[in-house]
Every structure is written in structure tokens, then in C-alpha cells.
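Here is how the chains run, residue by residue.
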Amino acid sequence: TDTVTGETKQDGGYGDNVYGSYIHGFFDRPEIAEAVIQALAAKRGLSLEEIGMTDYDAYKQEQYDILAREMRKYMDMDKIYDILNQGVEVR
């Protein structure tokens with residue numbers, strides 16, 4: 001419910017195994033992610049205990065580390081650090 005207008009709004013939708021939302025960071029909240037995973041698992045006849053759970057924060061950090069490592073392979077990091085150390089001229 002919109003706190004200003006009092007109007008009820010739908011934040012997203014789902015059908016079969018497709019879920020959608022326009023809210024950035026929606027799945028960053030563990031309880032939301034778990035509810036979606038539980039619904040999908042139940043539809044397949046599975047339980048969370050059977051499929052196991054992952055520490056989301058640790059997984060996210062691992063993914064950032066992989067991305068950074070791969071980006072460093074293809075970027076001139078010395079040049080980037082030179083640019084950063086020079087600063088940005090504001091006109």
C-alpha cells in the first residue's frame with residue numbers, strides 16, 4: 001500500500017517458475033529470496049533441506065572477487081591507478 005495515497009499497488013508478479021519485480025535489490029533481503037526459493041522448490045517437490053542453502057553474502061563477495069580478478073586481466077591497472085591518483089579536474 002502506498003503510504004502517501006493509500007493506493008494498493010502490485011510490486012511484481014509470478015507465474016510458473018518466473019518471478020518479476022521492478023524493485024532494485026529485491027532479492028537482497030534473505031527472507032524474500034528464501035520465500036521465492038521455497039515456492040520454487042515446493043513446486044518441484046523439493047525442500048530447502050534437500051537442496052541446501054548458501055550464505056548469500058559470502059556468495060556475493062565471491063562473485064565480486066571473480067569479476068575483479070577477470071577485469072584485472074584485461075585492463076591496464078597501472079594506467080587506471082595513475083588516472084585515479086591525478087584526480088579529476090572540475091571545470
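1. Describing the overall build of the protein chain
The number of helices and strands found in the protein chain is four helices and two strands. When the helices and strands of the protein chain are listed from N to C terminus, the series reads β-β-α-α-α-α. Relative to the 2.2 N^0.38 estimate, which gives 12 Å for 91 residues, the radius of gyration of the protein chain is 21 Å and therefore markedly larger than a compact globule would have. A principal-axis box enclosing the C-alpha atoms of the protein chain has dimensions of 55 × 45 × 20 Å. Summed over all atoms, the accessible surface of the protein chain reaches about 8,300 Å², with 53% contributed by carbon and sulfur. Both charge centroids of the protein chain, one from 10 positive and one from 18 negative side chains, sit 6 Å from each other.

2. Here we look at the pairing of strand 2 (residues 18-21)
Both strand 1 (residues 12-15) and strand 2 contribute to a ladder of four bridges, which runs antiparallel. Residue pairing in the sheet places Gly15 in a bridge with Val18 of strand 2. Between strand 1 and strand 2, which pair antiparallel one after the other, the connecting turn spans two residues, and Asp16 there sits at a positive phi close to 55°.

3. Considering a negative patch on the surface
Taken together, the side chains of Asp28, Asp55, Asp57, Glu62 and Asp65 make up a negatively charged region of the molecular surface. For Asp28, a relative accessible area of 38% corresponds to the partly exposed category.

4. Some words on the environment of Ala41
Position of Ala41 relative to the elements: it lies in helix 1 (residues 30-43). Spatially, the C-alpha atoms of Ala41 and Ala58 are 22 Å apart, while their sequence positions differ by 17 residues.

5. What to know about the pattern of salt bridges
When the charged atoms of two side chains lie near each other, side chains of opposite charge can form a pair. The tally for this structure, following the rule as stated, stands at one salt bridge. The salt bridge involving Glu70 is made with Lys73; its shortest N-O contact spans 3.0 Å. Of this pair, Glu70 and Lys73 both sit in helix 3 (residues 56-74), three residues apart, which is roughly one turn of the helix. The exposure class of Glu70 is partly exposed, given its relative accessible area of 30%.

6. What about the confidence of the model for the protein chain?
Averaged over all residues, the pLDDT of the protein chain equals 82, while 90% of them reach at least 70. Here helix 2 (residues 48-51) is the element of the protein chain with the lowest mean pLDDT, 72, and helix 3 is the one with the highest, 92.

7. Looking at a nonpolar patch on the surface
A grouping of Tyr64, Leu67, Met71, Tyr74 and Met75 is seen on the molecular surface, where their side chains present a nonpolar patch of about 580 Å² in accessible area. Residue placement: Tyr74 occurs in helix 3. On the basis of relative accessible area, Tyr74 is assigned to the exposed category, the value being 68%.

The rules we used
Residues numbered from 1 in each chain as written. Predicted model: local features only at pLDDT ≥ 70, side-chain atom pairs only at ≥ 80, totals over all residues. Heavy atoms only, no water. Helix = DSSP H or I, 4+ residues; strand = E, 2+ residues; numbered from the N terminus. Rg over C-alpha atoms; globule rule 2.2 N^0.38 Å. Areas by Shrake-Rupley, 256 points an atom, 1.4 Å probe, with all protein chains shown as cover. Lys, Arg positive; Asp, Glu negative; His and termini not counted. Charge placed at Lys NZ, Arg CZ, Asp CG, Glu CD. Pairing = 2+ DSSP bridges. Patch = residues over 30% accessible without salt bridge, like charges linked within 9 Å, V, L, I, M, F, W, Y side chains within 5 Å. Salt bridge = Lys/Arg side-chain N within 4 Å of Asp/Glu carboxyl O. Buried < 20%, exposed > 50% of the residue type's maximum accessible area, 1.4 Å probe, protein only. pLDDT = per-residue confidence, 0-100.

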